[in-house]
Amino acid sequence: MVGALESILGGHIVSGVASVPVGSVRDFNNGRKVRIMEGAAHNLPDQPALCAAEEILSVCRGAGEGEVVVAVISGGGSALLPCPIPGVTLDEKRTVTELLSKAGANIKELNTFRKFISQTKGGKLAEAAYPAQMVGLILSDVIGDPLDTIASGPTTPTRTTHHDIITLTEKYNLSQSLPQSIQNILSRDRNQTRGTESTRETVPIENGSYKHVHNVIVGSNRLATEAAAAKAESVGYRAVVWSHSVQGEARLLGEVFATLAHCAVESGLRSAVSELRKTPSFVNLIRENPAMARDFDHLKGKLARIAEDMGRPCDFCLISGGEPIVTVTGDGKGGRNQELALAFSVKHHQLKQESGSPAGPCECVLVSLGTDGQDGPTDAAGALGHSSILTTATAQGLDGEESLRRNDSHSFFSALDGGQYLLRTGLTGTNVMDIHCLLFTSIHP
Ligand SMILES: Nc1ncnc2c1ncn2[C@@H]1O[C@H](COP(=O)(O)OP(=O)(O)OP(=O)(O)O)[C@@H](O)[C@H]1O
Ligand SMILES: O=C(O)[C@H](O)CO
């Protein structure tokens, strides 16, 4: 991205932010085009990240009328751009994040709190750049691409109020455990609205956006799933994207894909859809996720059209994306994509055994991987799932079901057939959540 920016601007970048007067270029670092300041090792805000954030803020504050500040923002930005408000230390900020994460807060809630105690988040970066113009080039790692949540929305006005913070504190029972400095801020004026309120009068906002900022989503799960579909079509598959809002337990999702795969091969796509509606794992998944349910309603129409052409699906590819979760209860090593691929394999194997029907006209393989190239705390991006791996595993002294129970998908796939079902891409340098592809491939005699 830095390279791309360099070629767009021919300009100078400080840790991802560049400020250029229209038609010329600001020299940030003795003529060097790019200055990279690394921080936030292990995705936690640290001193180097604080130094980078301060430098970026000062670039923004130094930008004037007639200049354009380009901010490239990716997921992980919350940890990469920490600059607590005066009176709150970096350690205290980390404590709040840890307390909320451990208590089960989701990313929206976590970032709501982060915005409250930050000098960069919740639009403050954009406010620092005013009256310069700002362009935000944003890579989304959040379902639905909400600009105010991705990286805690440094270029988007926040609607967070003091009341929201109190509500969150009470919801997660944190009133006593929050650092004293934050408790003091909260008790100072329970009715006051914080966030960008103090400067809102001077920085114009229209329809929920800053008038001087133009934000563009340049990378997202939607783009990634559409690109995957285009690729599948180019190699001879008929491809359909189900959803890019997939959430819920990875294991349940694996079972859903297995049921769909099995029923589609046994009796066609139409019956697979009706069967899925009766499947408890699917009913549970969509009950919790209206976006997935809505996408499924659209999918039914698309699948019905494909069913007319194909009857039973062959050389067909169903794609989805999003960010499932794994509630880790076992002592094993794995990631949500490897767990999803293992759950798919176990369930598909079970369904095939129960039905006892002969091999169908096509093979089903599930590909599940994280677009950042790292699935959980492992060196793999994800794994391939297939019903036959359970039999191979047994022959190799491995127990797929037990590995799943212990959340040990990585150890399982590493040991199976010399690790050939693991997908190892290396770090990709970007993150637009996870992608799942269910491939139906014709078996040619
Ligand atoms: N043994 C395990 N089996 C399956 N999943 C696991 C296991 N241990 C951790 N995870 C999952 O890995 C994820 C944590 O890894 P990571 O730090 O890469 O997540 P993340 O920061 O949410 O991911 P990303 O950076 O891809 O958004 C969590 O979703 C967690 O549930
Ligand atoms: O940085 C963050 O806040 C998360 O990755 C979501 O964008």
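Quick note: structure is the one above.
Here the structure is a predicted model, which is why all the values come from computation and not from measurement.

(A) Spatial organisation of the sheet that holds strand S10 (residues 316–322). Sheet architecture is open: 6 strands sit in the order S9-S10-S14-S11-S12-S13, paired in mixed fashion. This sheet does not close on itself; its edge strands, each paired only once, are strand S9 (238–246) and strand S13 (422–423). Direction of pairing for strand S11 (residues 362–370) relative to strand S14 (residues 434–442): antiparallel, over a ladder of 9 bridges. Within the sheet, the bridge partner assigned to leucine 366 lies in S14 and is leucine 438. Contacts from helix H10 (residues 221–234) reach S9, S10 and S14, with the element oriented near 165 degrees to S9. On the sheet, helix H15 (residues 336–355) packs against S11, strand S12 (382–385), S13 and S14 and is oriented at approximately 160 degrees with respect to S11.

(B) How the structure looks around unusual backbone geometry. Following tyrosine 130, the chain continues into proline 131 via a peptide bond in cis, with omega recorded as 15 degrees. You can see proline 131 is positioned in the loop between helix H6 (124–129) and strand S5 (133–139). Located in the positive-phi region is alanine 40, a residue other than glycine, with phi close to 55 degrees. Positionally, alanine 40 belongs in the loop between strand S3 (34–35) and helix H2 (47–62). Judged by its relative accessible area of 11%, alanine 40 falls in the buried class. Positive phi is not limited to glycine here, since aspartate 315 has a value of about 50 degrees.

(C) The arrangement of the site of ligand 1 in detail. The immediate surroundings of ligand 1 are formed by 14 residues, with Val326, Gly332, Gly334, Arg336 and Asn407 found nearest. Within the side chain of arginine 336, an N or O atom sits 3.0 Å from an oxygen atom of ligand 1. Here asparagine 407 contributes a backbone N or O atom positioned 2.9 Å from a nitrogen atom of ligand 1. Within the complex, 68% of the 630 Å² of free accessible area of ligand 1 lies under protein. Residue composition of the shell around ligand 1, grouped by class: 3 nonpolar, 6 polar and 5 charged.

(D) Representation of the pattern of salt bridges within the structure. One pass over the full model with this rule turns up 14 salt bridges. Salt-bridge contacts for glutamate 206 lead to lysine 211; the nearest nitrogen and oxygen are separated by 3.8 Å. The salt bridge involving arginine 336 is made with glutamate 323; its shortest N-O contact spans 3.1 Å. On the criterion of sequence distance, the pair formed by arginine 336 in helix H15 and glutamate 323 in the loop between S10 and H15 is long-range, its members being 13 residues apart. In this structure arginine 336 comes out as partly exposed when scored by relative accessible area, which is 28%. Taking the relative accessible area as the measure of exposure, glutamate 323 reaches 30% and is therefore partly exposed.

(E) Region of interest: the nonpolar core. Trp242, Leu253, Phe257, Phe316, Leu318, Leu438 and Phe440 are the most contacted members of the largest nonpolar core, which totals 35 residues. Among the elements that line this core, the one with the most residues is helix H11 (residues 250–267), at 10 residues. Ignoring sequence-local partners within four residues, the contact set of leucine 438 consists of Phe257, Leu260, Ala261, Phe316, Cys317, Leu318, Phe344, Val365 and Leu366. Core analysis: the second largest hydrophobic core is formed by 25 residues, Leu50, Leu125, Ala128 and Ala132 among them.

(F) Just helix H8 (residues 180–188), in detail. Within H8, the full set of buried residues consists of Ser181, Ile182, Gln183, Ile185 and Leu186. Against the buried residues of H8 lie helix H4 (90–103), helix H5 (107–116) and helix H7 (162–171).

(G) Structural context of the site of ligand 2. In the vicinity of ligand 2, the residues found are Gly75, Gly76, Gly77, Ser78, Ile107, Asn111, Arg114, Asp141, Val142, Ile150, Ala151 and Ser152. A distance of 2.5 Å separates an oxygen atom of ligand 2 from a polar atom in the side chain of aspartate 141. For ligand 2, an oxygen atom lies 2.9 Å from a polar atom in the backbone of alanine 151. Mapped onto the shell around ligand 2, the elements with two or more residues apiece are helix H3 (77–80) and H5. Per-element tally for the shell around ligand 2: the top contributor is H5, with 3 residues. Residue composition of the shell around ligand 2, grouped by class: 4 nonpolar, 6 polar and 2 charged.

Conventions adopted
Residues numbered from 1 in each chain as written. Chains lettered and ligands numbered in written order. Predicted model: local features only at pLDDT ≥ 70, side-chain atom pairs only at ≥ 80, totals over all residues. Heavy atoms only, no water. Pairing = 2+ DSSP bridges. Helix = DSSP H or I, 4+ residues; strand = E, 2+ residues; numbered from the N terminus. Contact = heavy atoms within 4.5 Å. Axes fitted to C-alpha atoms, helices over the stretch in contact; angles between N-to-C directions. Buried < 20%, exposed > 50% of the residue type's maximum accessible area, 1.4 Å probe, protein only. Near = heavy atom within 4 Å. Polar contact = N/O pair within 3.5 Å; in protein donor to acceptor, adjacent residues only side chain to side chain. Areas by Shrake-Rupley, 256 points an atom, 1.4 Å probe, with all protein chains shown as cover. Nonpolar A, V, L, I, M, F, W, Y, C, P; charged D, E, K, R; others polar. Salt bridge = Lys/Arg side-chain N within 4 Å of Asp/Glu carboxyl O. Core = buried A, V, L, I, M, F, W, Y, C linked by side-chain atoms within 4.5 Å.

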